[in-house]
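# An overview of the molecular structure
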2 protein chains.
Amino acid sequence: MKKEKTTIHDIARKLNITASTVSRALKDHPRISVETKKAVQKAAQKLNYQPNHIAAALRNGRSNIIGVIVPTADRSFFSSVIRGIEEVANSAKYNVMICQTYDSYEKEIASIDALLNARVDGIIVSYSKSTLNFDHYNRVKERGIPLILFDRSNDELEVSHVVIDDFLGAFKATEHLIQQGCKRIAHFTNTRKISIYKERLRGYRDALEQHGLTYDESLIVASDLQLEDGRRSMTQLLDKKPDGVFSASALGILGAMQVLKENNYKIPDDVALVGFSNEAFTSFTEPALTTVEQHSMRIGNAAAEIFLQEVTADSEKFIPQKIVLKPELIIRSSSLRKK
Amino acid sequence: MKKEKTTIHDIARKLNITASTVSRALKDHPRISVETKKAVQKAAQKLNYQPNHIAAALRNGRSNIIGVIVPTADRSFFSSVIRGIEEVANSAKYNVMICQTYDSYEKEIASIDALLNARVDGIIVSYSKSTLNFDHYNRVKERGIPLILFDRSNDELEVSHVVIDDFLGAFKATEHLIQQGCKRIAHFTNTRKISIYKERLRGYRDALEQHGLTYDESLIVASDLQLEDGRRSMTQLLDKKPDGVFSASALGILGAMQVLKENNYKIPDDVALVGFSNEAFTSFTEPALTTVEQHSMRIGNAAAEIFLQEVTADSEKFIPQKIVLKPELIIRSSSLRKK
DNA sequence: TCCTAAAATGCAATCGATTGCGCATGGAAC
DNA sequence: GTTCCATGCGCAATCGATTGCATTTTAGGA
């Protein structure tokens, strides 16, 4: 294997010009004549020249890499967001480096350090559930590197973020259940008081109250919202006789559905179900699950666009912005009662 | 925001020594005195020094980044592999850069170029379904960069790869169906003649023949193995009266299950089902799906370990190796008939 | 006290691309 | 025939860490 390493100097030597000229020619600098540019391009082609981004990165202090930190890529929500980021980033000549934290605070810090050391130009994060301390994010800000949060965000940190209107999503979901005739609607929320869950709870509550239903605390169950949690929550709710459940997560409502079916409840007639996050499996279940679609790809697009604005802006003067996208309720048979 | 950029020179200046000494001290070079090392570490801490990996990468031609290319991270199989790679890579001080191709050949080429330009030290790939030409991989080899394939591999390319024994997985799956009493077992395979699908088909066929069942071509359906394909395949198979189905994909068998249930077949008694790939949703269905577990995390570990061997080896002299992991059949209710 | 080997550190080049500034050439304007 | 300016390109420093080799310092022995 030939470890070819054609550099601009090789091109320069071949054409009897200097590396500066080659560099400028390749970047289409106006001060370089058209003929020289053509010659350089031809030579570059012939020598199979591949620009060394690392050298360029060192020189101008930019790596053209965006770091993305997510709890796990193994969920359509996050992987769609990543795809959305990639779309925008790639077309602006940026690469994306993905780190997964598996919802661990330590891994999150390690990821931040790794990205910082890799000298990424910006970091887009949905932080882990177990993150309570935000010092590592301040380190990012101190370095003057654009930081953008999505989904899970935090108002203490003065950074831009992209979120969906969790309140609205929850409101729509709950209202839909009410319109289907539900009177006793339970809600699965998260034990951790992350804003997204607080907002979903608020949306649920507001919908009830606006439709003249009373908010009954005994119908609220807090957990980690995974599958098993959903099962446990539903089991403990059975004797409360709910006729509808709105879960702040997708797995949670799946657990509820399993328990209900095992106990011979009819869905949606006995109990109607609505979840959050349009994960692939929600359309595979029987009945298919009604859920709140978060338009994850667009979240990614928006986050990447904010990043692009921030890097080009006068840095110091950039005002953090907040983008709130509207969620959409996807109605499927787990909640749609026949008239 | 202070754009602090502490370099080894800053540390050197502060301690009245040179950057060389600082560099060596930080790397625990034996020729540096213990006191100096301590002083350097203390100063580095105080000045909040962060090594610039880019500069180091330029100097020694290694970026300490491993590129990983997968069709999509949004599937437990791939995301587990990635996790497996990260485990090994991180503990060897490597970072991982993930690219998704969404099964597009063009995206795959673009990813290779992006990784090459980012000067990654190695590339681990599961190539896209639409990849038929492998020139871009030869470019990687020509550059002397370790290339490792996993899952989907190719014997033409003389590179290391990590695969599971697809033949064995399929054999076990089919044999299991036979043991459950199935006589007419259908098989869903992929239209694209990728080796993994050929091997699975072979395993299926061998199991039949070893158990005295005849291989009936009319029970083989080729498709892209997605959900809809599975549905279509099952629908067209109904009048062939199969009593068992083994699908080379997870989504395919899900489609089959849906169609069977819609037509009031009993699973597993009328038709027993087995899929491939232990995706999360396979345990959520009712009945839960029997499937072939690929030990994806270990695949990732193995791939990363091969990479580590290759980078440290005498490069030219490295002999491509092939690692074949044993799959495991996870038996769930979609195939387990009560005696 | 002097000498020498060992130990500790410094020097300077290098990795490849970028860029401010300066220099040369040529044509146009007066 | 000068002056001026636009055009086209070269020079050399720079980004930060690394490393072979040179040099200085130290310690130990004679």
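A brief look at the structure comes next.

About the criteria used
Residues numbered from 1 in each chain as written. Chains lettered and ligands numbered in written order. Predicted model: local features only at pLDDT ≥ 70, side-chain atom pairs only at ≥ 80, totals over all residues. Heavy atoms only, no water. Pairing = 2+ DSSP bridges. Helix = DSSP H or I, 4+ residues; strand = E, 2+ residues; numbered from the N terminus. Axes fitted to C-alpha atoms, helices over the stretch in contact; angles between N-to-C directions. Contact = heavy atoms within 4.5 Å. Expected span 1.5 Å × (residues − 1). Buried < 20%, exposed > 50% of the residue type's maximum accessible area, 1.4 Å probe, protein only. Arc of directions from axis to C-beta. Near = heavy atom within 4 Å. Polar contact = N/O pair within 3.5 Å; in protein donor to acceptor, adjacent residues only side chain to side chain. 1 Å grid on protein atoms, 1.4 Å probe; cavity = no way out; pocket = protein on both sides within 12 Å on 5 of 7 lines; lining within 4 Å. Points joined across faces, edges and corners; volume = space filled by probe spheres on them. Nonpolar A, V, L, I, M, F, W, Y, C, P; charged D, E, K, R; others polar. Least-squares fit on C-alpha atoms with pLDDT ≥ 70 in both. Buried area = accessible area lost by both parts, 1.4 Å probe. Salt bridge = Lys/Arg side-chain N within 4 Å of Asp/Glu carboxyl O.

### Considering the sheet that holds strand β8 (residues 244-247) of chain B
Sheet strands pair via backbone hydrogen bonds, and the direction of the pair is either parallel or antiparallel. Residue and element names in this part refer to chain B. On the basis of which strands lie adjacent, the open sheet formed by 6 strands has the order β7-β6-β8-β9-β10-β12 and mixed pairing. One side of each edge strand has no neighbouring strand; the edge strands of this open sheet are β7 (220-223) and β12 (328-330). Ignoring strand direction, the axes of neighbouring strands in this sheet form an average angle of 20°. Packed onto the sheet, helix α11 (residues 250-262) meets β6 (185-190), β8 and β9 (272-276) and runs at close to 155° relative to β9.

### So, helix α9 (residues 195-210) of chain A
Residue and element names in this part refer to chain A. For α9, spanning 16 residues, the distance from its first C-alpha to its last is 22 Å, which sits close to the expected 22 Å at 1.5 Å a residue. Within α9, the full set of buried residues consists of Ile196, Tyr197, Arg200, Gly203, Tyr204, Ala207 and Leu208. Mapping the buried residues of α9 onto a view down its axis gives an arc of 130°, with all of them on the same face. On its buried face, α9 sits against α8 (166-179), β6 (185-190), β7 (220-223), β8 (244-247) and β9 (272-276). Positive phi appears at glycine 212, one or two residues downstream of α9, with a value of about 70°.

### Thoughts on the protein's contact with DNA strand D
Taken together, 27 residues lie near DNA strand D, and Thr21(A), Thr36(A), Arg24(B), Tyr49(B) and Arg59(B) sit nearest. In DNA strand D, atoms within 4 Å of the protein come from the sugar-phosphate backbone in 54% of cases. In the environment of DNA strand D, a phosphate oxygen lies 2.9 Å from a nitrogen or oxygen atom belonging to the side chain of Thr18(A). Tyr49(B) places a side-chain nitrogen or oxygen 2.5 Å from a phosphate oxygen of DNA strand D.

### Here's the deal with empty space enclosed by the protein
Considering all chains together, one arrives at 3 cavities of 30 Å³ or more under this definition. Roughly 110 Å³ of volume is contained in the largest cavity. Within the residue set of the lining of the largest cavity, elements represented by two or more residues are α11 (250-262) of chain A together with α11 of chain B. Per-class residue counts for the lining of the largest cavity are 7 nonpolar, 2 polar and 4 charged.

### Overview of the relation of the copies chain B and chain A
Expressed as a screw operation, the relation of chain B to chain A combines 0.1 Å of axial shift with a rotation of 180°, fitting to an RMSD of 0.1 Å. When the rotation and shift are considered jointly, the pair of chain copies conforms to a two-fold rotation axis. The fraction of interface residues of chain B whose copies in chain A are also interface residues reaches 100%, indicating that both copies meet through the same surface.

### Describing the interface of chain B and chain A
Taken together, the contact between chain B and chain A spans 48 residues of the former and 48 residues of the latter. Approximately 4,600 Å² of surface area, both sides summed, lies buried where chain B meets chain A, with 54% of it carried by carbon and sulfur atoms. Applying the counting rule to chain B against chain A returns 2 salt bridges. Where Glu286(A) meets Lys261(B), a salt bridge forms, and the shortest distance between an N and an O atom there is 3.0 Å. In terms of residue class, the side of chain B that touches chain A is built from 21 nonpolar, 12 polar and 15 charged.

### Focus on the protein's contact with DNA strand C
Taken together, 27 residues surround DNA strand C, and among them Arg24(A), Tyr49(A), Arg59(A), Thr21(B) and Thr36(B) come closest. Atoms of DNA strand C within 4 Å of the protein: sugar and phosphate make up 55%, bases the balance. Separating a phosphate oxygen of DNA strand C from a side-chain N or O atom of Tyr49(A) is a distance of 2.5 Å. Arg59(B) is positioned with one of its side-chain polar atoms (N or O) 2.8 Å from a base oxygen of DNA strand C. Among the secondary structure elements, those contributing two or more residues to the surface near DNA strand C are α1 (8-15), α2 (19-26) and α4 (53-60) of chain A together with α2 (19-26) and α4 (53-60) of chain B. Take the surface near DNA strand C: its biggest share by element is 4 residues, from α4(A). Taken together, the residues of the surface near DNA strand C sort by class into 8 nonpolar, 12 polar and 7 charged.

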